[in-house]
Amino acid sequence: MEANMTYVNHKRMGALALAGFLMLSLPACKKDFLDINPLVGSTEANYYQTPEDAQSAIIACYNPLQQEVTNIQGSSELSVHFRWYFGDIVSDDATKGGSGDGDEPQLLLFENFQGNGSSKLVLGEWQSAYKGIAYCNLALARIPGIEMDEDLKARYLAEAKFIRAYWYMNLVTMFGGVPLVLEPLAPSEYQQPRATAAAVWAQIEQDLAEARVDLPFRTQLSTSELGRATWGAATGMLVRANIYQSDWLPAKELAEEVVASGEYALDPDYGNIFKLSGENGPGSMFEIQFMNASGGNWGNSLEGTFTNVFQRARGAFGGFGFNIPTQDFVDEFENDDPRLAATVFQVGDVMGDRGVFSEEATGMPHQYYAKKYFTNQADEAPFGDPNPNGPSNDRVLRYADLLLMHAEACYHLGEEAAAKSSLNLVRQRAFGDEEHDVTAGGPMLLQAIYHERRVELGLEGHRFFDLVRQGRAADLLGPLGFQAGTHEIFPIPEAEITLSDNLITQNPGY
């Protein structure tokens, strides 16, 4: 289903990489909510008039979530950006892989903590986030003036706040303090200085707190609306925001609201979560929706993901072979933990309908490949290039993650019984019994929570950012080149510093 609309004309905001939006085609997500008719010839003067215009503006807010390939502004280059590039590969869970050192060499530099601000990888992260924020700011500025149902208007505004918070959370965890832009800017305002990280976090919290008031519960969504922001998604992301700032009490209380709501449950089969049939399942709190039939291409991926082909094994399996699990990560799993088989392919495993994994078949010396975003050949795009049209949703927030954040918050508040209760719910789902319950207290309990996050959420883009917020990155990543005081965050793109006329300053050590 394609739904194209022309959008409004806005010039690029230099230092913040806000792309020009004149006559920009914005195809929909795969849910029916996002399937609407074109609005041809729209300008900002005549656009924000009707409820249909408001709906189009919100679809435009969702659209950049799907765009994993960025056309670098002022350049003919493309840059892919995945959370797992930095969350997994720049951690002890995975190595870059690919065809060798010359394949994504800038990513290799970051893996070895040698990356710098000239990299198109950080520029792509920056520009994609501010493009998404720009759409949200437009919606938040213009929708209030439209005459329409007030409840629906409130929902649209809440969705825009949720998505804006998502982008700012990506930015602040990547770069620290960044320019905080909350409304469309005049050309004279394009150059903006950095806000503090604390100010960015405060805005994230405000957006999510306001959003959850007007968002529906998941159980109130129709099937066609799956993938839209909900009360649970906003509340869960607010828990995450508090966890990142070590604000344990609000994190605990908010997580308990989600648990008490009964809106979510752990899928009894861990392996089912990552199948196409498991998308938007009982434990899904927010997923970015992807599909295999939009006909996207490398310059505009539209509704498909690149993650499937990027992580699939090379050689006979037709993948690019990135995000190779490390031996240290594999060794973290207990011997009888079934999650290992759902997370990692090992030599001799059958890779779906693509064949048996061997070094000879891949042409590479790797003993492991990532499994969670593996798809069968039968699931490939029915037309066009299958590589930019992967069907797997991005599992941004899962109920198990929320339970483990609750366990961590309870531990730090001295409520060890509650911490063990949430922790063991996750373990009982994994092992299918209570024999593997954690009974230890004190520091051993905290280590058990850290262990559980690593194996439960492995290769989902969390590990590096978890280690940084937990204060453990220097100890565990130091042997890989991590230097405390520098590598907790990444370098600000040099191009954006230049465009800001040096109002934006570089992070220490870069």
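Residues numbered from 1 in each chain as written. Predicted model: local features only at pLDDT ≥ 70, side-chain atom pairs only at ≥ 80, totals over all residues. Heavy atoms only, no water.

1. With respect to the layout of surface pockets
Here is step 1 of the chain: Its boundaries defined by the atoms lining it, the second largest pocket holds a volume of some 300 Å³.
Here is step 2 of the chain: Taken together, 13 residues line the second largest pocket, and the ones lying closest to its centre are Gly-271, Phe-274, Lys-275, Lys-371 and Phe-374.
Here is step 3 of the chain: Looking at side-chain class alone, the lining of the second largest pocket contains 4 nonpolar, 5 polar and 4 charged residues. (1 Å grid on protein atoms, 1.4 Å probe; cavity = no way out; pocket = protein on both sides within 12 Å on 5 of 7 lines; lining within 4 Å. Points joined across faces, edges and corners; volume = space filled by probe spheres on them. Nonpolar A, V, L, I, M, F, W, Y, C, P; charged D, E, K, R; others polar.)

2. Some thoughts on the pattern of salt bridges
Here is step 1 of the chain: Applying the stated rule across the entire model yields 33 salt bridges.
Here is step 2 of the chain: Residues Glu-452 and Arg-339 are paired through a salt bridge, measuring 2.6 Å at the closest nitrogen-oxygen approach. Placement of the pair is Glu-452 in helix H16 (residues 443-456) and Arg-339 in helix H12 (residues 339-343), with a sequence separation of 113 residues.
Here is step 3 of the chain: Look at Glu-452 and you get buried, because its relative accessible area is 0%.
Here is step 4 of the chain: Across the salt bridge formed by Asp-401 and Arg-453, the nearest N and O atoms sit 2.9 Å from each other. Here Asp-401 is found in helix H14 (residues 399-412), whereas its partner Arg-453 is found in helix H16, with 52 residues between them in sequence. With respect to class, Asp-401 is no different from Arg-453; both count as buried.
Here is step 5 of the chain: Bridged by salt links that share partners, the residues Glu-334, Asp-337, Arg-339, Lys-372, Arg-398, Arg-427, Arg-429, Glu-452, Glu-456 and Glu-460 form one connected network. (Salt bridge = Lys/Arg side-chain N within 4 Å of Asp/Glu carboxyl O. Helix = DSSP H or I, 4+ residues; strand = E, 2+ residues; numbered from the N terminus. Buried < 20%, exposed > 50% of the residue type's maximum accessible area, 1.4 Å probe, protein only.)

3. Topic: the nonpolar core
Here is step 1 of the chain: In terms of nonpolar packing, the biggest core is built from 126 residues, with Tyr-85, Phe-86, Phe-162, Ile-204 and Phe-490 touching the most fellow members.
Here is step 2 of the chain: Among the elements that line this core, the one with the most residues is helix H6 (residues 150-175), at 15 residues.
Here is step 3 of the chain: Discounting chain neighbours no more than four positions away, the residues touching Phe-162 are Leu-208, Ala-211, Ala-229, Ala-233, Ala-234, Met-237 and Phe-286.
Here is step 4 of the chain: With 9 residues, the next largest nonpolar core counts Ala-313, Phe-317, Phe-345 and Tyr-369 among its residues. (Core = buried A, V, L, I, M, F, W, Y, C linked by side-chain atoms within 4.5 Å. Contact = heavy atoms within 4.5 Å.)

4. A short note on helix H15 (residues 416-431)
Here is step 1 of the chain: Between its terminal C-alpha atoms H15 stretches 22 Å, which fits the 22 Å expected from 16 residues at 1.5 Å a residue.
Here is step 2 of the chain: Every buried residue belonging to H15 is among Ala-419, Ser-422, Leu-423, Asn-424, Val-426, Arg-427, Arg-429, Ala-430 and Phe-431, and all of these are buried.
Here is step 3 of the chain: On its buried side, H15 packs onto H12, strand E8 (394-398), H14 and H16. (Expected span 1.5 Å × (residues − 1).)

5. Things to note about the packing of aromatic side chains
Here is step 1 of the chain: This structure, assessed with the given rule, holds 26 aromatic pairs.
Here is step 2 of the chain: Seen in terms of ring centroids, Trp-126 and Phe-175 are 5.4 Å apart; in terms of plane orientation they differ by 70°. Their pairing is edge-to-face. Taken as a pair, Trp-126 in helix H5 (residues 120-142) and Phe-175 in helix H6 lie far apart in primary sequence, 49 residues in all.
Here is step 3 of the chain: For the pair Phe-357 and Tyr-369, a centre-to-centre distance of 5.3 Å together with 75° between the ring planes defines the contact as edge-to-face. Highlighted residues: Phe-357 in the loop between strand E6 (344-346) and helix H13 (359-362) and Tyr-369 in strand E7 (residues 368-370), separated in sequence by 12 residues.
Here is step 4 of the chain: Under the relative-accessibility criterion, Phe-357 is labelled buried at 1%.
Here is step 5 of the chain: On the basis of relative accessibility, which here comes to 1%, the residue Tyr-369 falls in the buried class.
Here is step 6 of the chain: These aromatic residues form a ring-pair network of at least three members: Phe-82, Trp-84, Tyr-85, Phe-306, Phe-310, Phe-320 and Phe-322.
Here is step 7 of the chain: Above the ring of Phe-465, the side-chain terminus of Arg-83 is found at 3.7 Å from the ring centroid.
Here is step 8 of the chain: It is Arg-469 that lies over the ring of Tyr-244; its NZ or CZ is 5.7 Å from the centre. (Phe/Tyr/Trp six-rings, centres within 6.5 Å; stacked < 30°, edge-to-face > 60°. Lys NZ or Arg CZ within 6 Å of the ring centre and 35° of its normal.)

6. As for helix H7 (residues 197-214)
Along an α-helix, residues three or four apart share an orientation, since each turn contains 3.6 residues.
Here is step 1 of the chain: Compared with an ideal rise of 1.5 Å per residue, which puts 18 residues at 26 Å, H7 spans 27 Å between its outermost C-alpha atoms and is within 8% of the ideal.
Here is step 2 of the chain: Inspection of H7 places Val-200, Trp-201, Gln-203, Ile-204, Asp-207, Leu-208, Ala-211 and Arg-212 among the buried residues, and these make up the whole buried set. For H7, the buried positions fall inside an angular range of 160° around the axis, keeping them on one side. Relative to its buried face, H7 has exposed residues pointing more than 90 degrees away, namely Ala-198 and Val-213.
Here is step 3 of the chain: Where H7 is buried, its residues meet H6, helix H8 (231-244) and helix H9 (248-261). (Arc of directions from axis to C-beta.)

7. What to know about the environment of Asp-267
Here is step 1 of the chain: With respect to the helices and strands, Asp-267 occurs in the loop between H9 and strand E4 (284-288).
Here is step 2 of the chain: You can call Asp-267 buried: its relative accessible area is 10%.
Here is step 3 of the chain: Sequence separation between Asp-267 and Tyr-399 is 132 residues; the distance between their C-alpha atoms is 9.4 Å.
Here is step 4 of the chain: In contact with Asp-267, not counting residues within four places along its chain, are Asn-272, Ile-273, Pro-282 and Arg-429.
Here is step 5 of the chain: At 2.8 Å, the side chain of Asp-267 forms a polar contact with the side chain of Asn-272. (Polar contact = N/O pair within 3.5 Å; in protein donor to acceptor, adjacent residues only side chain to side chain.)

8. What about empty space enclosed by the protein?
Here is step 1 of the chain: Scanning all chains against the criterion turns up 8 cavities of 30 Å³ or more.
Here is step 2 of the chain: There is about 640 Å³ of room inside the largest cavity.
Here is step 3 of the chain: What lines the largest cavity is a set of 43 residues, among which Arg-83, Tyr-166, Asn-170, Asp-394 and Val-396 lie closest to the centre.
Here is step 4 of the chain: Secondary structure elements with two or more residues in the lining of the largest cavity: helix H3 (83-89), H5, H6, H8, E8, H14 and helix H17 (463-469).
Here is step 5 of the chain: When the residues that make up the lining of the largest cavity are grouped by side-chain class, the tally is 21 nonpolar, 11 polar and 11 charged.

9. Remarks on the packing of H6 against H8
Here is step 1 of the chain: Relative orientation of the contacting elements H6 and H8 amounts to 25°, with a least axis distance of 11 Å. Put simply, H6 runs roughly parallel to H8. By crossing handedness, the relation of H6 to H8 is classed as left-handed. Seen from H6, the contacting residues are Phe-162, Tyr-166, Met-169 and Thr-173; seen from H8, they are Ala-233, Ala-234, Met-237, Arg-240, Ala-241 and Tyr-244.
Here is step 2 of the chain: Its residues assigned to classes, the contact of H6 with H8 comprises 8 nonpolar, 1 polar and 1 charged. (Axes fitted to C-alpha atoms, helices over the stretch in contact; angles between N-to-C directions. Parallel < 35°, antiparallel > 145°, perpendicular 65-115°, else oblique. Left-handed = near helix turned anticlockwise from the far one by under 90°.)

10. What to know about the state of the cysteines
Disulfide: a covalent bond connecting the sulfur atoms of a pair of cysteines.
Here is step 1 of the chain: Under the counting rule described, the total for this entry stands at 0 disulfides.
Here is step 2 of the chain: Cys-136 takes part in no disulfide bond, and the closest cysteine sulfur, belonging to Cys-61, lies 4.0 Å away.
Here is step 3 of the chain: When its relative accessible area of 0% is taken as the criterion, Cys-136 is described as buried. (Disulfide = S-S within 2.5 Å.)

In short, shape yes, function no, at least from these values alone.
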